[in-house]
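Topology and contacts: notes
This is what each chain is made of:
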Amino acid sequence: MSMFREFILIALLTGLGTAYSLVSGLAPLPWAEPELAAGEIRVEDARALDVIWVDARSETAFTEAHAPGALFYDQADPVGSMANILEKWLQEPRTIVIYCSDENCGTSKKVAEALRANLPDAEIYSLKGGWSAWSR
Amino acid sequence: MVQVNHRTIPLLLARLVLTWVFISAGLPKVQDPLAFSVSIENYRVVGGSLALWAAIILPWLELIIGIGLLTPWLRRASACTMAALLSLFIGLHASAWFRGLDINCGCFGQSAGAAENPDYHWLILRNLALLILAVYVLRPSWGNKNTPQGSK
């Protein structure tokens, strides 16, 4: 078999594998809107609202860049961080959106749960895709 | 008729190592392309749906060429593709290192305790060693226009 035909065969087999991933549901469809879990919000929806941003990443990442007016959630001081968020929300009750670094980090969801326990009347979401989605 | 010479065993070992590495790399990423797409985005070269397409296609390519390297019908193109991919990975790691990015390599799928400070020396040296193996495997059959008749 000539080298060109070998490459064609590799490309065909790779294409078949890719098609299998898409059809079987192993991979999400790249052209589809990503599904939202309960308690999540997309970045474009969050940006359209006047929200209270809460940054649940590391202090270094927060210092480097963060959403405008975002409050830093210090995991080493959850009580103090919660108090800051509560104070800001009481001044002007708005939707609260928490973000961490990316799609796979779970910190924002944990912080959101803790906030819901302390602020049952507030609308609280974690940002789908995290900071990665924000900075795209 | 299979021809056996002094290069037979080293070549076979090199192919087995490369096959094992690429199949080990491809399998977990085929099963979780979403996690792999996050790793790709962290390199800040492509993002969004492009990163997801790459995350879906690349693991299958790794699997195919990993297996293909052991077959006479796909050996040369598989070795060639491996060399190209490894060169790409070395370039990406070097670029991430130069830009000071803290990334999860994503080489073998998402690991639970992914290091925030990747060892770029190790990543680049490892891929360089694999690249040398790929070139070593590719060289004997480079001059042949047709599929090799036996192992070399």
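Remember, it's a predicted structure, so these values are computed and weren't measured experimentally.

1. Digging into the side chain of S126 of chain A
Secondary-structure assignment places S126 of chain A in strand β5 (residues 124–127). In this structure S126 of chain A touches G39, E40, I41, I98, S108 and K109 of chain A, once residues within four positions along its chain are discounted.

2. Digging into the sheet that holds strand β3 (residues 71–72) of chain A
Residue and element names in this part refer to chain A. The five strands lie next to each other as β1-β5-β4-β2-β3, forming an open sheet whose pairing is parallel. Single-partner strands in this sheet number two, and they are β1 (40–41) and β3. Two strands pair when backbone bridges link them, and strand β2 (residues 52–55) and strand β4 (residues 96–99) are joined in this way by four bridges, in the parallel orientation. What sits directly across from D55, in β4, is Y99.

3. Let's talk about the pairing of β5 of chain A
All names here are of chain A. Sheet topology note: the β1/β5 ladder contains two bridges and is parallel. Along β5, the bridge assignment pairs I41 with L127. Where β4 meets β5, three bridges bridge the pair, whose relative direction is parallel. Residue pairing across strands places I98 opposite S126, the latter belonging to β5.

4. Notes on the side chain of T18 of chain A
Structurally, T18 of chain A can be placed in helix α1 (residues 3–24). T18 of chain A has contacts with W53, I56, I57 and W60 of chain B, leaving out every residue within four places of it along the chain.

5. What to know about the packing of helix α2 (residues 33–42) of chain B against helix α3 (residues 48–68) of chain B
Pairs of packed helices are described in terms of their axes, by the angle between the two and the distance that separates them. Residues and elements named next belong to chain B. Orientation of α2 relative to α3, taken along the N-to-C sense of each, is 120 degrees, at an axis distance of 8 Å. One finds that α2 runs oblique with respect to α3. When the axes of α2 and α3 are compared, the crossing they make is right-handed. The segment α2 lies against α3, with P33, L34, F36, S37, I40 and E41 engaging G48, A51, L52, A54, A55, I56, L58 and P59. When its residues are assigned to classes, the contact of α2 with α3 shows 11 nonpolar, two polar and one charged.

6. Focus on the pattern of salt bridges
Scanning all chains against the criterion turns up seven salt bridges over all chains. The partner of D50 of chain A in a salt bridge is R94 of chain A, and the shortest N-O contact between them spans 3.1 Å. One end of the pair, D50 of chain A, is in the loop between α2 (43–48) and β2; the other, R94 of chain A, is in the loop between α4 (78–91) and β4, and 44 residues separate them in sequence. Across the pair E62 of chain B and K29 of chain B runs a salt bridge, and its minimum N-O distance is 3.1 Å. Highlighted residues: E62 of chain B in helix α3 and K29 of chain B in helix α1 (residues 8–31), separated in sequence by 33 residues. In the salt-bridge network here, residues are joined through shared partners; they are E40, K109 and K128 of chain A.

7. Let's talk about the interface of chain B and chain A
In this complex, chain B contributes 31 residues to the contact, which on the side of chain A involves 24 residues. For the pair chain B and chain A, the summed buried area comes to about 2300 Å², and 69% of that belongs to carbon and sulfur atoms. Note that E6 of chain A is salt-bridged to R76 of chain B, the shortest N-O span being 2.8 Å. Inspection of the chain B/chain A interface yields four residue pairs in polar contact (both at pLDDT 80 or more). Those elements that provide at least two residues to the side of chain B that touches chain A are α1, α2, α3 and α4 (75–98) of chain B. No other element matches α3 of chain B, which puts 10 residues into the side of chain B that touches chain A. A class-by-class count of the residues in the side of chain B that touches chain A yields 18 nonpolar, nine polar and four charged.

Reading guide: rules and limits
Residues numbered from 1 in each chain as written. Chains lettered and ligands numbered in written order. Predicted model: local features only at pLDDT ≥ 70, side-chain atom pairs only at ≥ 80, totals over all residues. Heavy atoms only, no water. Helix = DSSP H or I, 4+ residues; strand = E, 2+ residues; numbered from the N terminus. Contact = heavy atoms within 4.5 Å. Pairing = 2+ DSSP bridges. Axes fitted to C-alpha atoms, helices over the stretch in contact; angles between N-to-C directions. Parallel < 35°, antiparallel > 145°, perpendicular 65-115°, else oblique. Left-handed = near helix turned anticlockwise from the far one by under 90°. Nonpolar A, V, L, I, M, F, W, Y, C, P; charged D, E, K, R; others polar. Salt bridge = Lys/Arg side-chain N within 4 Å of Asp/Glu carboxyl O. Buried area = accessible area lost by both parts, 1.4 Å probe. Polar contact = N/O pair within 3.5 Å; in protein donor to acceptor, adjacent residues only side chain to side chain.

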